[in-house]
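Architecture and fold: a report
Residues per chain are reported as follows:
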Amino acid sequence: MTKKLDIYFVALLVCIYVMFSPPFVFSAYIPFAVRVMLEAIPLLLLAIVMNSANNNVFVFKYLFIWSMLVFMMFINSDSALVSVVYSFSKLIFLFSIIFNFYNSRFLFHLVRKFWFRIWFFVSVSVIITFFVYQFKIVDFRHLYFGDVSETASYNYYNNIFLGNIIKYRAFDFALPKISWYVFEPGLLSFLLGLNVLIADSTYSYSKHVKKFKVLNLIAGFLTFSTTFYIFFIIYFIAKPSSYGPLKKLVLFISPIFALVLAWYIYSILMDPDIGKFTSIGNRTLRFENSLSIINNNTLLTFLFGNGIGISLVALAGGLMAIFVEYGFLILSFLLFIIYKYTRHNKVVPIYVLFYHLAFEPIWYPAFIVAISIAYITSLRGKGRAGECRKFRCGE
């Protein structure tokens, strides 16, 4: 019974750790140095669970890889060691969470159950927020988040129970881009879309899986993220049968959305100021500034990067930022990690890489937990994961 309670505690702590890490806004209220120290807590508890498996091969197998990664990140970094450790801890978290899910069936099922319920709640909350705001049922007060975090200077409209929205205008239409308690609507849409794509294979045990997919999809569209719209319009047009419950609706609305998107892109080309509705203009600026740094790369900076934090000066994002900061070797390793743990689903690697053109989900514990759950589910479905021993599962 004690072991079972211990694993309950670890599962709960993993979820809390995720919610108080980027891209959730709660992380901005915790000083960076404190967050780095907090990184050790879930890793320590996972290490205890790992040790209960009586298998130390894992530690020795990855110790050399982890050491080389720290060396690559730090060898040419102008940033403080704390930033290196903070980035590095995400990779340790990835490997340790997968190892523990693989060896502790009970921990895996707990986290998967928590995760399903958390995102069921989030998707419903986003949908409610949209209608509550549109019909002015409750007030949303202006919140300049730059007073909380200098690196997240967003102008939110906040309701403490429903989260944040960002007001945009496009073609004389006022649209609330819902970000809930995530920094950007685009980041929220990424996690919602990932849930949609992995739901059938990962949460098939639940009778509510179809509701889960529909709610996450609707919530994703209500973020009004251009990236989300582009991907899923193309996805549904290319493979409408993949979404059985809404097949007829998808076949009807996808061409409409595609025409609207084509018209919108054409309008931006004709009048670049229209792009202010989205982050397209900002992304272009980031890309151009990153290229100016890359053009001055030496062999050393090409391989090992220009230093963690340099992209804040360049305003770079996504894979380009990783390449500028960490270099080609780390970028290649991260791309391998993404492919290795998402290839069981043919669409997910494409989706993840598509979003990595603008963001860096690889550093987010929420992304790590989501792909770890999906990956271990795929292994168990193939009968590759080992049988759960009683002392591992706390049974």
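Everything numeric here is computed off the predicted structure, so don't read it as measured data. (Residues numbered from 1 in each chain as written. Predicted model: local features only at pLDDT ≥ 70, side-chain atom pairs only at ≥ 80, totals over all residues. Heavy atoms only, no water.)

**Examining the overall build of the chain**
Just so we agree on the cut-off: Comment: elements are numbered from the N terminus, with helices defined as DSSP H or I runs of at least four residues and strands as E runs of at least two. Relative accessibility decides the category of a residue: with a 1.4 Å probe and only protein chains considered, values under 20% of the type maximum give buried, values over 50% give exposed, and everything between is partly exposed. The contact rule is simple, with two residues in contact once any of their heavy atoms fall within 4.5 Å. Computed by Shrake-Rupley with a 1.4 Å probe, the accessible areas treat only the displayed protein chains as cover when residues are assessed.
Assigned secondary structure in the chain consists of 18 helices and 4 strands. Residues counted as buried form 54% of the 395 residues belonging to the chain. Taking the contacts inside the chain whose residues are at least 6 apart along the sequence as the reference set, 69% of them involve residues at least 24 apart. Counting every atom, the chain has about 19300 Å² of accessible surface; 67% of that belongs to carbon and sulfur.

**So, the pattern of salt bridges**
Our working definition: Just to be clear on terms, a salt bridge is a Lys or Arg side-chain nitrogen sitting within 4 Å of an Asp or Glu carboxyl oxygen.
One pass over the structure, following the stated rule, counts 1 salt bridge. A salt bridge links K213 to D200; the nearest nitrogen and oxygen atoms lie 2.9 Å apart. Note that K213 is positioned in helix α8 (residues 209–222) and D200 in helix α7 (residues 185–202), a separation of 13 residues in sequence. The class of D200 is partly exposed, set by a relative accessible area of 42%.

**Points about the packing of α7 against helix α17 (residues 365–381)**
Short version of the rule: Helix axes use the C-alpha atoms of the stretch in contact, all axes being lines fitted to C-alpha atoms, and the angles between their N-to-C directions lie in the range 0 to 180 degrees. Note that the term roughly parallel is reserved for angles under 35 degrees, roughly antiparallel for angles over 145, roughly perpendicular for angles of 65 to 115, and oblique for everything else. Definitions for this section: a left-handed crossing has its near helix turned counterclockwise from the far helix by less than a right angle. A right-handed crossing has that turn clockwise. Residue classes follow a fixed rule: Ala, Val, Leu, Ile, Met, Phe, Trp, Tyr, Cys and Pro count as nonpolar, while Asp, Glu, Lys and Arg count as charged, and any other residue, Gly among them, counts as polar.
Two numbers describe how α7 lies on α17: the axes approach to 10 Å, and their chain directions differ by 15°. Here α17 runs roughly parallel to α7, going by the angle between their axes. Relative to α17, α7 is oriented so that their crossing is left-handed. Along its contact with α7, which presents F190, L191, L194, I198, S201 and T202, the element α17 presents A366, F367, A370, I371, I373, A374 and T377. When the residues that make up the contact of α7 with α17 are grouped by side-chain class, the tally is 10 nonpolar, 3 polar and no charged.

**Description of unusual backbone geometry**
A cis amide bond, omega 15°, links P22 with the succeeding residue P23. Of note, the phi angle at K136 is positive, near 55°, even though the residue is not glycine. With respect to the secondary-structure elements, K136 resides in the loop between α6 (105–134) and β1 (141–144). Phi at W180 is positive, roughly 50°, even though this residue is not glycine. Relative to the assigned elements, W180 resides in strand β4 (residues 173–180). By relative accessible area, which is 6% here, W180 ends up buried.

**Considering the packing of aromatic side chains**
Two measures describe an aromatic ring pair: the distance that separates the ring centres and the angle between the ring planes. Defined as follows: Only centres within 6.5 Å qualify two rings of Phe, Tyr or Trp (six-membered ring in Trp) as a pair; their planes then separate them into stacked at under 30 degrees, edge-to-face at over 60, and tilted for everything else. We call a charge positioned over a ring when the NZ of a Lys or the CZ of an Arg lies within 6 Å of the ring centre and within 35 degrees of the ring normal.
Applying the stated rule across the entire model yields 43 aromatic pairs. Where F130 meets F131, the ring centres are 5.2 Å apart and the plane angle is 85°; that geometry is what we call edge-to-face. When its relative accessible area of 43% is taken as the criterion, F131 is described as partly exposed. Ring geometry for F231 versus Y235: centroids 6.1 Å apart, planes at 15°, classification stacked. With F231 and Y235 both in helix α9 (residues 226–238) and 4 residues apart, the pair spans about one turn of that helix. Of the two residues examined, F231 and Y235, each falls in the buried class. Geometry around Y157 places K167 over its ring, the cationic atom sitting 3.9 Å from the centre.

**Digging into the packing of α7 against α8**
Two measures define how a pair of helices packs: the angle their axes make with one another and the distance between the axes. Between α7 and α8, the least distance of the axes is 8 Å, while the angle of their chain directions is 155°. Here α7 is positioned roughly antiparallel relative to α8, judged by the angle of their axes. Note that α7 runs across α8; the crossing there is left-handed. Contacts between α7 and α8 pair S189, L192, N195, V196, A199 and D200 from the former with V209, F212, K213, N216, L217, A219 and G220 from the latter.

**A word on the environment of T342**
Which entries qualify depends on this criterion: For this analysis, a polar contact is any N or O atom pair within 3.5 Å, provided that within protein one partner can donate a hydrogen and the other can accept it, and provided that sequence-adjacent residues contribute only side-chain to side-chain pairs.
Tracing the backbone through its elements, the reader meets T342 in helix α15 (residues 328–342). In this structure T342 comes out as buried when scored by relative accessible area, which is 1%. Expressed as a C-alpha distance, the spacing of T342 and V352, which sit 10 residues apart in the sequence, is 8.6 Å. Once you skip the residues sitting within four places of it in the chain, T342 turns out to touch V348, P349 and I371. Only 2.5 Å separates the side chain of T342 from the backbone oxygen of I338, close enough to count as a polar contact.

**Quick look at a nonpolar patch on the surface**
Put simply, the test is: Patch membership needs two things, relative accessible area over 30% and no salt bridge, and members are linked within 9 Å if like-charged or within 5 Å if nonpolar (Val, Leu, Ile, Met, Phe, Trp, Tyr).
A surface patch of nonpolar side chains, amounting to about 430 Å² of accessible area, comprises F131, F135, I137 and V138. You can see V138 is positioned in the loop between α6 and β1. On the accessibility criterion, V138 (33% relative accessible area) is partly exposed.

**Thoughts on the environment of A321**
On the secondary structure map, A321 appears in helix α14 (residues 318–326). Between the C-alpha atom of A321 and that of L357, which follows or precedes it by 36 residues, the distance is 9.3 Å.

**Focus on the nonpolar core**
We count it as follows: To qualify as a nonpolar core, a set must consist of buried Ala, Val, Leu, Ile, Met, Phe, Trp, Tyr and Cys residues joined through side-chain atoms within 4.5 Å.
Residues F24, W115, W119, W180, L194, F232 and Y351 are the most contacted members of the largest nonpolar core, which totals 104 residues. Apart from the residues lying within four places of it in its own chain, the contact partners of W180 are M19, F24, F121, V122, S125, V126, L162, G163, N164 and L188.

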